[in-house]
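One letter stands for each residue in the lines below.
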Amino acid sequence: EDQVTQSPEALRLQEGESSSLNCSYTVSGLRGLFWYRQDPGKGPEFLFTLYSAGEEKEKERLKATLTKKESFLHITAPKPEDSATYLCAVQVDPFNKFYFGSGTKLNVKP
Amino acid sequence: NAGVTQTPKFQVLKTGQSMTLQCAQDMNHEYMSWYRQDPGMGLRLIHYSVGAGITDQGEVPNGYNVSRSTTEDFPLRLLSAAPSQTSVYFCASSYGNSGNYGYTFGSGTRLTVV
């Protein structure tokens, strides 16, 4: 059964304290792994797509990496405005289908 | 660009009532999807469409109907509301298979069934 697990469920950081969020998956026929940011009361906002093991993408203080079994979202020197829930999703064959993890709620304190 | 517009933002239904959640996008996206988001369960796909006139079921389609008569609109119909359908519903759209741009999500409809 295709499955996506995110950890931790919640993470509290001090401003400037770097950390990583994990997304592990067990799927067959992975076509892509996606990271989204979701603010309270809003829809998810697209961050990155990763397609193959070893791939990395960066955006401001965020860097996403992918292995054959998991993805990490590294947050370097976070700021309070990075506080949000971060979701990962895998796209599998047939390629119309996405499976989302339940998210990591990040709280960055000033 | 308005992006993906969902209406209404909030709705309370009584068990057994029916209603339609509206979704419209102005980006000429081929793909449109409906998800529900429940605490601790992540987003789950209800129905999706790869173009006007073409729809298919997702992970949790029971109790919901969709149709896609135009590229822009993808309404979700609840046939006979049940308390288990209390959730936040998101509509999303994308180019092709979403590629490097992922989905664009609407701001959601919070539905409560009493």
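Residue numbers run consecutively from 1 along every chain, following the written order of its sequence. The naming scheme follows written order: chains are lettered A onward, ligands numbered 1 onward. At least 70 in pLDDT is required for a residue's local features to be given in this predicted model, at least 80 for side-chain atom pairs to be given and counted, and no such filter applies to totals for whole chains, interfaces and linings, which use all residues. Hydrogens and water molecules were not included; the side-chain quantities draw on all heavy atoms of the structure.

**Student:** Help me get a handle on the interface of chain B and chain A, residues and values and all.
**Tutor:** Each partner contributes residues to the interface: chain B has 23 residues there, and chain A has 22 residues. Joining two parts hides part of their accessible area as seen by a 1.4 Å probe, and the buried area is that hidden amount summed over both. Summing both sides of the interface, chain B and chain A together bury roughly 1700 Å²; the carbon and sulfur share of this comes to 53%. By salt bridge we mean one thing: a side-chain nitrogen of Lys or Arg within 4 Å of a carboxyl oxygen of Asp or Glu. Counting the contacts that link chain B with chain A gives zero salt bridges. Polar contact criterion, stated in full: a pair of N or O atoms within 3.5 Å, where within protein one must be able to donate a hydrogen and the other to accept it, and residues adjacent in sequence count only if both atoms are side-chain atoms. Here chain B and chain A share two residue pairs in polar contact (both at pLDDT 80 or more) between them. For helices the rule is a DSSP run of H or I covering at least 4 residues; for strands it is a run of E covering at least 2, with both sets numbered from the N terminus onward. When contributions to the side of chain B that touches chain A are tallied by element, the ones reaching two or more residues are β4 (31-38) and β5 (42-51) of chain B. Top element by residues in the side of chain B that touches chain A is β5 of chain B. It accounts for five residues. Residue classes in the side of chain B that touches chain A are distributed as eleven nonpolar, eleven polar and one charged. We call two residues in contact when some of their heavy atoms are within 4.5 Å. Charged means Asp, Glu, Lys or Arg here, nonpolar means Ala, Val, Leu, Ile, Met, Phe, Trp, Tyr, Cys or Pro, and polar covers whatever is left, Gly included.

**Student:** Lay out the sheet that holds strand β6 (residues 56-59) of chain A with the relevant residues and their values.
**Tutor:** Residue and element names in this part refer to chain A. If DSSP finds at least two bridges between two strands, the strands pair. If you walk across this open sheet you meet the five strands as β1-β3-β8-β7-β6, and the pairing is antiparallel. Edge positions in the sheet fall to β1 (3-7) and β6, since each of these pairs with one other strand and no more. Neighbour to neighbour, the strand axes of the sheet diverge by 15 degrees on average, direction disregarded. What counts as an axis is a line fitted to C-alpha atoms, over the stretch in contact for a helix, and the angles between N-to-C directions run from 0 to 180 degrees.

**Student:** Give a detailed account of the environment of Q6 of chain A, specifying residues and quantitative values.
**Tutor:** Residue and element names in this part refer to chain A. Looking at where Q6 falls in the secondary structure, it is placed in strand β1. Q6 gets classed as buried once you look at its relative accessible area, which sits at 5%. At a separation of 2.9 Å, a polar atom in the side chain of Q6 contacts the main-chain carbonyl oxygen of Y86. Separated by 3.0 Å, the side chain of Q6 and the backbone nitrogen of G103 make a polar contact. Each residue gets one of three labels from its accessible area relative to the maximum for its type: buried under 20%, exposed over 50%, partly exposed in between, using a 1.4 Å probe on protein chains only.

**Student:** If you had to explain the pattern of salt bridges to someone new, which residues and values would you point to?
**Tutor:** Residue and element names in this part refer to chain B. Evaluated as defined, the whole model comprises six salt bridges over all chains. Residue R36 is joined to D38 by a salt bridge in which the shortest nitrogen-to-oxygen separation is 2.9 Å. There is no split in this pair, since R36 and D38 are both buried. For the salt bridge of D38 with R44, the shortest nitrogen-to-oxygen distance reads 2.8 Å.

**Student:** Could you give me a rundown of the side chain of S33 of chain B, with the residues and numbers involved?
**Tutor:** Residue and element names in this part refer to chain B. Relative to the helices and strands, S33 is located in strand β4. Of note is the side chain of S33, whose polar atom sits 3.4 Å from the side chain of Y103. Look past the residues within four positions of S33 in its chain and what remains in contact with it is L45, H47, Y48, F74, F90, C91, A92 and Y103.

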